[in-house]
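Chain and residue survey
In case you want the letters, here they are:
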Amino acid sequence: MRFAIRDDDTSYFTKPEELEQAYSFVKEGPISLSVVPYTVPEHEKGVTPYGPGIPFGYYPVGDSSALVEYLKRGSYDLMLHGYSHEYRKTDGGWLPEMMWKDEGRIHREMTRGKEYLESVFDRPVRVFVAPSNKVDQRTIRSVEALGMHYSGIIDHRDRDLSARYVLNYIRRWSYRVFTGLRIPDVLDYGGHREMVSYPLDNLEKLLREYALCRKRGAPFSVYTHYWELNSNPQRKALLEAVYNHAIADGARLVGLSDCFC
């Protein structure tokens, strides 16, 4: 059985030792990192995972030579995580990056971000992960145009209408009604595939999700943030418990990109 750990927010500000600390319990296999190509230092107002007092701007991940060299020689699967992870304030609150930009800008920046990561790390980037897991039809059209797959949460009326979308919609929500959980299957939308990553909420629920993935022959993926693991020992202990359970059960830790095959 394939098992993946998706870690979001790697960027120019990430230090190799932070990744080492977060995943000190992993014995073998890659961690899947969602990388922000040109990050801003502040996400939502007051949410600064990279540290306070950093001047606003767009910081290319390739300018951090220590991180680039570390990731090149380490066991990591790399994915595209937005473009800058910049939020925009509206009357209704803070909107994540893919929800406030127009479609032309989304496509230009996703194209540039993907090409930039591939150039910096000298490897293909095959999966897109949206900041806050929020996308709609505009972003998914670019995912397809760029030959990528999507890891994230799927809501209502957020994909172009097609026979495959209707079929997958019925499958997803029927499964959720009967189990109370998100469907673990890799869903084929024709031009791309999608699969969910489960949040680190509680051990009992995660082990139930794991068991259902094994029963259905589906990959099992959880998502987190390295900075969250390093600042929250309980959260790290939860992930370590899930990891130990999966490995003891014979699961194999793989890159998330390999779960879409």
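Look above for the structure.
So, how was this worked out
- Residues numbered from 1 in each chain as written.
- Predicted model: local features only at pLDDT ≥ 70, side-chain atom pairs only at ≥ 80, totals over all residues.
- Heavy atoms only, no water.
- Helix = DSSP H or I, 4+ residues; strand = E, 2+ residues; numbered from the N terminus.
- Rg over C-alpha atoms; globule rule 2.2 N^0.38 Å.
- Buried < 20%, exposed > 50% of the residue type's maximum accessible area, 1.4 Å probe, protein only.
- Contact = heavy atoms within 4.5 Å.
- Pairing = 2+ DSSP bridges.
- Right-handed = clockwise from strand over helix to strand, strands pointing away.
- Core = buried A, V, L, I, M, F, W, Y, C linked by side-chain atoms within 4.5 Å.
- Patch = residues over 30% accessible without salt bridge, like charges linked within 9 Å, V, L, I, M, F, W, Y side chains within 5 Å.
- Areas by Shrake-Rupley, 256 points an atom, 1.4 Å probe, with all protein chains shown as cover.
- Salt bridge = Lys/Arg side-chain N within 4 Å of Asp/Glu carboxyl O.
- Axes fitted to C-alpha atoms, helices over the stretch in contact; angles between N-to-C directions.
- Left-handed = near helix turned anticlockwise from the far one by under 90°.
- Nonpolar A, V, L, I, M, F, W, Y, C, P; charged D, E, K, R; others polar.
- Phe/Tyr/Trp six-rings, centres within 6.5 Å; stacked < 30°, edge-to-face > 60°.

Brief notes about the overall build of the protein chain
If you tally the helices and strands in the protein chain, you get 9 helices and 14 strands. Over its C-alpha atoms the protein chain spans a radius of gyration of 18 Å, differing by no more than 12% from the 18 Å that the globule rule assigns to 261 residues. Dimensions of the protein chain, computed from the C-alpha atoms along their principal axes, are close to 50 × 45 × 35 Å. Looking at the protein chain as a whole, 53% of its 261 residues qualify as buried. Within the protein chain, residue pairs in contact and separated by at least 24 positions form 70% of the contacts whose partners lie at least 6 positions apart.

Thoughts on the pairing of strand 1 (residues 2-10)
Most of strand 1 sits inside the fold, with 8 of its 9 residues counted as buried. Bridge count for strand 1 against strand 14 (residues 252-253) is 2 bridges, and the pairing is parallel. From the neighbouring strand, F3 faces strand 14, where its bridge partner is L253. Across 5 bridges, strand 1 lies against strand 13 (residues 220-224) in parallel orientation. From the neighbouring strand, I5 faces strand 13, where its bridge partner is V222. One ladder, built from 4 bridges, connects strand 1 with strand 2 (residues 31-35); its direction is parallel. Among the inter-strand pairings, R6 is bridged to a residue of strand 2, identified as S32. In this region the chain leaves strand 1, passes through helix 1 (residues 16-22) and returns to the parallel neighbour strand 2; the handedness of that crossover is right-handed.

Considering the environment of C213
Within the secondary structure, C213 is located in helix 7 (residues 203-216). Under the relative-accessibility criterion, C213 is labelled buried at 0%. Once the C-alpha coordinates of C213 and D7 are considered, the two residues, 206 residues apart in sequence, prove to be 20 Å apart. The contacts of C213, once residues within four sequence positions are left out, are M1, P184, Y198, A218, P219 and F220.

Concerning the nonpolar core
The biggest cluster of nonpolar side chains holds 57 residues, and the ones touching the most others in it are F3, I5, Y23, L71, F128, F220 and V222. Not counting residues up to four positions away in its chain, the partners in contact with I5 are Y23, I31, S32, V222, L239, Y243 and L253. Membership of the second largest hydrophobic core comes to 9 residues, among which are A4, V129, M195 and C259.

So, the pairing of strand 2
Strand 2 sits mainly inside the fold: 5 of its 5 residues count as buried. Covered by surrounding structure in strand 2 are I31, L33 and V35 together with S32 and S34, the residues of both alternating faces. Pairing geometry for strand 2 and strand 5 (residues 76-81), over 5 bridges, is parallel. Looking at strand 5, one finds that V35 is bridged to L80.

Describing the environment of A4
By secondary structure assignment, the location of A4 is in strand 1. Sequence spacing of A4 and H85 is 81 residues, and the spatial spacing of their C-alpha atoms is 23 Å. The residues touching A4, leaving out its near neighbours within four places in the chain, are F220, S221, V222, L253, V254, L256 and C259.

Considerations on a nonpolar patch on the surface
The grouping of L161, V166 and I170 at the surface amounts to a nonpolar patch, some 310 Å² of accessible area in total. L161 sits in the exposed class, given a relative accessible area of 72%.

What about unusual backbone geometry?
Leave glycine aside and you will find that most residues have negative phi; peptide bonds, for their part, are mostly trans. Residue H85 is not a glycine yet carries a positive backbone phi of 60°. Following the sequence through the fold, H85 ends up in the loop between strand 5 and strand 6 (88-90). According to the relative accessible area criterion, H85 is buried, its value standing at 4%. The phi angle at S132 is positive, at roughly 65°, despite the residue not being glycine.

Thoughts on the packing of helix 4 (residues 103-121) against helix 5 (residues 137-145)
Relative orientation of the contacting elements helix 4 and helix 5 amounts to 35°, with a least axis distance of 9 Å. Between helix 4 and helix 5 lies a crossing of right-handed hand. Touching E103, I106, H107 and M110 of helix 4 are R138, T139, R141, S142, V143 and A145, all from helix 5. When its residues are assigned to classes, the contact of helix 4 with helix 5 shows 4 nonpolar, 3 polar and 3 charged.

Here's the deal with the packing of aromatic side chains
Considering all chains together, one arrives at 16 aromatic pairs under this definition. Plain terms: the ring middles of Y23 and F25 are 6.2 Å apart, the flat faces sit at 55° to each other, and that makes the pair tilted. Just as Y23 is buried, F25 falls in that class too. An aromatic cluster of at least three residues, connected via ring pairs, comprises F3, Y23, F25, Y198, Y210, F220 and Y243.

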